[in-house]
Structures are given as structure tokens and as C-alpha cells.
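# Summary of the model geometry
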Amino acid sequence: MKPIRGITRGGMNLWYRKHQVFEEYGIDIISSASALPVAYNEFILADAAAIKEITASRTQFPKPVEQYAVLSYFGGNIVASEGEDWKRYRKIAAPAFSERNNRLVWEETVKIMADLFENVWGEQKSITVDHAVDITLPIALFVIGVAGFGRRMTWQEDGKLPPGHSMTFKARGFLSQEALHYVSLDIFVKLLTPGWLLKLGLTERMKRASTAFQELEACQYMLEMIHARRYAEEKEERYDLFSGLLDASEDESDGSQLTDRELLGKYCISISYDAALIELPGNIFIFLLAGHETTAHTLCFTFGLLALYPEQQEKLYRQIKSVIPDDRLPASAQISRSCMHFSVFYETLRLFPPAAAVPKYAAEDATLVTTDSSGNNVIVPVPQGSTIVLNITGLHYNPRYWEDPYAFKPERFHGDWPRDAFLPFSSGARSCLGRRFFETEGIAILTMLVSRYTIEVKEEPEFAGETFEERKERILHAKGGLTLTPIRMPLVFKRR
Ligand code: HEM
């Protein structure tokens, strides 16, 4: 729907419209207000300086936590909280993302990829997948499983049901791949369907969502994880995120060990509880969610772009070979932050930001400044209580900052680039805690894969006559969701 001044701001699907709606208005801050059915005042931004001002001031522009209600399903957590609660969560969670955790991420990711090549793909010269997420979702899950929760999973696990569970866990530990996968996939079904209706399980999707949520909700896997770690016969030095969180929360409660009964009570029955400890389940769930789908989808788009642009893939391959000429497993120190890997990932994240929008609100009256299409300064008063949407897609496709914004050009991240106009991980105090976790994991995956295989688009007879632009549109087609989701990316990995 086109915008009509004074009547409607037009269709606002942030992902599909990119920067268009701002071009139609000739300005990078759009406001709209409504009296009915619900009174609201909203500002949508694609201006880098104004967005920076907002992300830099957490207290003046906090998170509207009510919009994150679905993420609080398993308890209070770092993503869905504000104020003192958030400060406490961040204090407990931040130290877990340590240098040692990063090293663990690298080492384990390399092992997971080596296991895939040796034991799953084996001698095959070419491996075809109908949708690249079939590869990237398990990889991301295995990495978060081991570096997030100290639970190693392998590609060869069978899918037998463990006693007391109705979904399989693909692990030598306690983490349910299926349950986790469907919880992230069906979170909106859960949010939009009343509990009693979901339990009736009228559709397959409802049944699936209901079972997956029960599996995690009953704390079965989480509780088993906590229990196993706390009562392990041999205490090991561990650097996974979960151990970091558990250590920090024990410190908070003066290091006093809880009894088994207390632990169960605290986590599942929730009798009297200690604030520092009760928050673990919520934060565990959020790490799984935050670290799984964002990563898997970004990897999927990266593979698709490299398949569509073989010259970029070749450049990346040449760079990898220049630092690791033989078949040795790569060490993280060999890959520098300024290399092609980063530019390929950053350009993917610019074009396909997993979080298309970041919501905030004005806690007090404020003014923002932007420029219109003629270059004049425009002062925008923002009344207290207004909803603010940081339109990350609009920012990433804004031609004021990015020349030829629809083109895939990793080189734009070499040398100087407009840092304030690149916000896939948000910015300021509420920016992503897992950024280095993702970057380390992504670079290890790309190094391992591109040094051994080429990535190509699968040839399918029904698409034989399509142009490059049609093929690009088909392969990279995505829809919004909890995170931006690729629809179908059929690829072929061929041994070099
Ligand atoms: C491509 C990968 C990723 C992207 C694009 C991404 C993006 C983001 C964004 C946009 C936010 C801010 C959300 C908001 O304001 O509502 C965020 C927050 C967060 N992310 Fe990530 N993320 C990624 C990977 C990860 C990973 C791998 C982890 C953990 C293992 C993680 C953990 C977190 C946490 C804990 C927060 C909350 C920080 C806070 O509010 O203090 N993320 N992420």
C-alpha cells in the first residue's frame, strides 16, 4: 500500500520495503500517529546519526519489554528485560562470553566441520541439499550445544527417544535438537494461540508446537543439564557459556551450594526462590534461541551469495589458501580481522540483517535531527511514550550511506566504511553479547568449507531458462519471522 499523507503511512513490511518508504517521504525519520483503535505515536528511523543517539542512551530510549513477552516464556532473561533486572542479567551473562569461550567456539566448530566432511560427506564428490538450512541449522546447534552448554553432539547420533521424553535429543547430553528447533520455529504459533487451543492440537503444527514447548517448559532438558553439571563427580574447568552463567550465579548467592531438592524446587516447582538462580532457565533458553537461528540463517545466506557470486568465492578461497596452504586444520590466529571472511559476513549481514527492526520507546520528551532529501536539517520532536522503530533494513539499504545498496560487494567493508550505518548486532549497551561468538564460529565454518568444497546453486530443470536476476531472487528469497528466514536455498557442495 502506498503512503497517503495524513491518511496512511502505507504498507510497512520492513523487510520487503527496504529503504523505499523513506524515499517516498524524502526523509529518514517517518512518524505516524493514530487515535483508534489504540492510540499510538510511532517513529520509524533509517538515519544513522539519529539511531546512534537512541542506542547510546539506554535510559532515555529503553526497550519496550512488553513487545518481548514471548521471549520471557521460560523466565526473565537478558534480551527481554530492562532496568535493574537487565543490569543483573548482563552482569551475570557478560563474563561467560570470555576469550576462553571464544577459543572453545573455534576449536569445537573446526571439529564439527571435520566430522561432517569425514564421517557424513565422506568420499562423495558432490553433495546436494534441497535447502542449505538443513546443513546450517545442525551446525549452529552443535556449536551452541558444545560451546554454549558443554554438550557435544555428533552428526551420527540416532534419533531414539530417551525415557521420559516425547521428542528425540540428538546429543550425548540433554539438549533436544527437535524441541529447540520447533520452539524457535513455532514461537509465533505459541504466542498467537490460546493455551487450551494449542493443547487440542487441531493442526500438525499446533501439536508440534505444544509438544516442543512442553519438553522445554517442563524443564526436563534444562533441569537435567543443570543437575548433571552441579553433581558431576569430577569438576572440570569449563568455558562453555552455561558453566560461566552457573559460576556467576553461584558467586551471586555467596557460593552456597544448594541441595538437590532446593535445586528442583527452585527450577521447576518454584517454591521460595533466590533471584540470582531462578533466572537461569530464562537465560539458558535465550542463549539457545539467540545463538541458533540468527547464526544458521546468516550462514545460509552467506552460502547462497557465494554460490551466486563465484568470483567472490574464489577470492575467499585464494585468501584462505594463502594462509593455510595445506590440509591442516586452521588455527584462529591465522585469520585476521581485516580479511575477506569478515567482509563476506558483514556484506551478508548488511543485505540480510536477521533482526530487521529493533524496538525502543521514548522515556521522556526528546528531539531528533535528520536531513531531508534536499539536504536541509529537520528537527523531529519525539513526545514521551512514543514508540520508536530502528529500521535496520532501511538503514542497511539507505543510499546515503551505501553506494549501490542492493549489490553484493564485500569490498565495501575494506578500508573505511560507514560504521554507524551497519547495525545487524544493534549498538550501545543493548548490543549483541554473542557477536564474537558468531564471528568466530562463522569464520571457522567458512574457512573449513571453502578450503575443501566449492558452493554452487543446484541446477533444476524447471528453472533452466531463468536470468541471473531471477535466480538471485529465487535463491535469496526470505521472509520475516523471529529472525529473517531463507525460504529455500538448494545448493551443491563439490569437492575441490
Ligand atoms: C548472526 C548472528 C547474530 C546476530 C545478527 C545477532 C543480533 C542481535 C541483536 C540485533 C540484538 C539486540 C536485540 C534487541 O535489541 O532486541 C542481540 C542481542 C543479544 N544477542 Fe545476538 N545476534 C547474533 C548471534 C548471537 C549469538 C551466537 C549469541 C549467543 C550465543 C547471542 C546472544 C545475544 C544476547 C545475550 C543478546 C542480548 C544482549 C542484551 O540485551 O544485553 N547473539 N543480538
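Starting from 1, residues in each chain are numbered consecutively following that chain's sequence as written. Predicted model: local features are reported for residues with pLDDT of at least 70 only, side-chain atom pairs are reported and counted for 80 or more only, and whole-chain, interface and lining totals are derived from all residues. Each side-chain value is derived from all of the structure's non-hydrogen atoms; neither hydrogens nor water enter the calculation.

The name that an unreviewed UniProt entry assigns to the protein is Cytochrome P450, with the source organism given as Phanerochaete carnosa. The UniProt entry for the protein carries this comment under Cofactor (unreviewed entry): "heme". UniProt positions are given in the numbering used here, feature names are shortened, and annotations may be inferred rather than shown by experiment. Among the UniProt annotations of the protein, the heading Pathway (unreviewed entry) holds the following wording: "Secondary metabolite biosynthesis."

We now examine unusual backbone geometry. If you check the backbone angles, Lys18 has positive phi at about 45° while not being a glycine. Secondary structure follows DSSP: runs of H or I at least 4 residues long count as helices, runs of E at least 2 residues long count as strands, and numbering of each begins at the N terminus. Considering the arrangement of structural elements, one finds Lys18 in the loop between α1 (14–17) and α2 (20–25). Positive phi, close to 50°, is recorded for Asp404, a residue that is not glycine. Structurally, Asp404 can be placed in the loop between α18 (392–396) and α19 (435–452). Throughout, exposure labels follow a simple rule: accessible area from a 1.4 Å probe, protein chains only, divided by the maximum for the residue type, with under 20% read as buried, over 50% as exposed, and the rest as partly exposed. Under the relative-accessibility criterion, Asp404 is labelled partly exposed at 43%.

Another aspect to go through is the UniProt feature "binding site: heme" (unreviewed entry) in the protein. Mapped onto this numbering, the UniProt entry gives "binding site: heme" (unreviewed entry) at Cys432. Tracing the backbone shows Cys432 in the loop between α18 and α19. For Cys432, a relative accessible area of 37% translates into the label partly exposed.

A few words now on the environment of His131. By the element assignment, His131 lies in the loop between β3 (126–129) and α6 (133–149). A relative accessible area of 13% means that His131 is categorised as buried. Separated by 358 residues in sequence, His131 and Met489 place their C-alpha atoms 4.5 Å apart. Beyond its immediate chain neighbours, meaning those up to four positions away, His131 contacts Cys300, Pro486, Ile487, Arg488, Met489 and Pro490. A distance of 3.1 Å separates a polar side-chain atom of His131 from the backbone nitrogen of Met489. Residue contacts follow a heavy-atom distance rule, with two residues in contact if any of their heavy atoms lie within 4.5 Å. Under this definition, polar contacts are N or O atom pairs within 3.5 Å; protein pairs additionally need one hydrogen-donor-capable and one acceptor-capable atom, and for neighbouring residues in sequence, both atoms have to be side-chain atoms.

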